[in-house]
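Per-entry structural report
Now for the letters of each chain:
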There are 2 protein chains.
Amino acid sequence: MIRHVVLFTWSPEATEEQKAAVAAELRELPGQIPEIRSYLLGSDAGINPGNHDFAVVADFDSEDDYRAYRDHPRHQAVIAEHIKPILATRAAVQFGC
Amino acid sequence: MIRHVVLFTWSPEATEEQKAAVAAELRELPGQIPEIRSYLLGSDAGINPGNHDFAVVADFDSEDDYRAYRDHPRHQAVIAEHIKPILATRAAVQFGC
């Protein structure tokens, strides 16, 4: 299995509607990209200071399946239309497990 | 469920032995901290440029169980003895799912 993890911080100007749209649009992807095996996402719970704002953890059977997700037009559309307009910083890892 | 995600980058001076020790020491924690429900970790697979170096994804039944892990002496010892000496940057999120 390959696990993809990505953490975002949002720009100070990002509205609650924009942040909610990112989550709503991403939640549609498992129904549109069959390579996704597991897909969990959410906003930071506020337990610790200094955290990033939002996380996505996605599991795939193979690196090729991850690449199919990464490059899928629906995924790329969510990135371009909803994530990039409010993105401040991004941190990611893909690891085998 | 609360999912804890943390990504690290290592300092340029970090040795392969030091990086391997972080993974080996962390892998002992599920046997020592009963609140951990799931614990997956690994080094970045090298698929994408600009990624962080290492990821840990840990699941807990509750925020209190996550805090028990966060503050557990064995976990804190791994952080102090193995992670902090080679740490460059850290990004984390805890989210309910």
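In this text the structure is predicted, and so the values were computed from the model without any measurement.

The rules we used
Residues numbered from 1 in each chain as written. Chains lettered and ligands numbered in written order. Predicted model: local features only at pLDDT ≥ 70, side-chain atom pairs only at ≥ 80, totals over all residues. Heavy atoms only, no water. Axes fitted to C-alpha atoms, helices over the stretch in contact; angles between N-to-C directions. Helix = DSSP H or I, 4+ residues; strand = E, 2+ residues; numbered from the N terminus. Parallel < 35°, antiparallel > 145°, perpendicular 65-115°, else oblique. Contact = heavy atoms within 4.5 Å. Nonpolar A, V, L, I, M, F, W, Y, C, P; charged D, E, K, R; others polar. Least-squares fit on C-alpha atoms with pLDDT ≥ 70 in both. Buried area = accessible area lost by both parts, 1.4 Å probe. Salt bridge = Lys/Arg side-chain N within 4 Å of Asp/Glu carboxyl O. Polar contact = N/O pair within 3.5 Å; in protein donor to acceptor, adjacent residues only side chain to side chain. Buried < 20%, exposed > 50% of the residue type's maximum accessible area, 1.4 Å probe, protein only. UniProt positions renumbered as here; feature names shortened; annotations may be inferred. Pairing = 2+ DSSP bridges. Disulfide = S-S within 2.5 Å.

**Considering the packing of helix α2 (residues 63-71) of chain A against helix α3 (residues 73-83) of chain A**
All names here are of chain A. Following both chains from N to C, one finds α2 and α3 inclined at 50°, their axes separated by 5 Å at the closest point. When the interaxial angle is binned, α2 and α3 end up oblique. Contacts between α2 and α3 involve Y69, R70 and D71 from the former and P73, H75 and Q76 from the latter. Its residues placed into classes, the contact of α2 with α3 shows two nonpolar, two polar and two charged.

**Here's the deal with the relation of the copies chain A and chain B**
Superposing chain A onto chain B takes a rotation of 180° combined with a translation of 0.0 Å along the rotation axis, leaving an RMSD of 0.0 Å. Here the two chains are linked by the operation of a two-fold rotation axis. Scanning chain A for the C-alpha nearest the rotation axis identifies A91 of chain A, at a separation of 3.5 Å. Here 100% of the interface residues in chain A have copies in chain B that are interface residues too; the copies meet face to matching face.

**Considering the interface of chain A and chain B**
Each partner contributes to the interface: chain A provides 31 residues, whereas chain B provides 31 residues. Around 2400 Å² of area is buried between chain A and chain B when both sides are counted, 62% of it from carbon and sulfur atoms. On inspection of chain A and its partner chain B, the count reaches zero salt bridges. In this structure, the connection of chain A to chain B is made through 14 residue pairs in polar contact (both at pLDDT 80 or more). Breaking the side of chain A that touches chain B down by element, the ones donating at least two residues are β1 (2-10), β2 (38-43), β3 (54-60), α2 and β4 (87-96) of chain A. With seven residues, β4 of chain A is the largest single contributor of residues to the side of chain A that touches chain B.

**Description of α3 of chain A**
Within an α-helix, residues lying three or four positions from one another point in the same direction, as the helix has 3.6 residues per turn. Every buried residue of α3 of chain A is listed here: H75, A77, V78, I79 and I83 of chain A. The secondary structure elements touched by the buried residues of α3 of chain A are β1, α1 (16-27), α2 and β4 of chain A.

**Some details on the UniProt feature "domain: Stress-response A/B barrel" (unreviewed entry) in chain A**
The UniProt feature table records "domain: Stress-response A/B barrel" (unreviewed entry) at residues 2-95 of chain A. Each end of residues 2-95 of chain A is marked by a C-alpha atom, and these two atoms are 6 Å apart; helix forms 34% of the span and strand 33%.

**Digging into the side chain of R3 of chain B**
Locating R3 of chain B in the fold gives a position in strand β1 (residues 2-10). A polar contact is formed between the side chain of R3 of chain B and the side chain of D59 of chain B, at a distance of 2.7 Å. Excluding residues that lie within four positions of it along the chain, R3 of chain B makes contacts with R3, L40 and V57 of chain A together with V57, A58, D59, V93, Q94, F95 and C97 of chain B.

**A few points about the sheet that holds strand β4 (residues 87-96) of chain B**
Residue and element names in this part refer to chain B. In space, the four strands of this open sheet follow the order β2-β3-β1-β4, with antiparallel pairing throughout. Here the strands that pair on one side only, and so sit at the sheet edges, are β2 (38-43) and β4. Looking at each pair of strands side by side, their axes are set apart by 10° on average, direction ignored.

**Comments concerning the state of the cysteines**
Taken as a whole, this structure holds zero disulfides over all chains when the rule is applied. With no disulfide of its own, C97 of chain A lies 15 Å from the sulfur of C97 of chain B, the closest cysteine sulfur.

**Section: the packing of α1 of chain A against α3 of chain A**
Residue and element names in this part refer to chain A. Remark: α1 packs on α3, axes separated minimally by 10 Å, with the N-to-C direction vectors making an angle of 175°. Classified by the interaxial angle, the pair formed by α1 and α3 is roughly antiparallel. Residue-level contacts link A21, V22, E25 and L26 of α1 to R74, V78, H82 and I83 of α3. In the contact of α1 with α3, the residues fall into five nonpolar, one polar and two charged.

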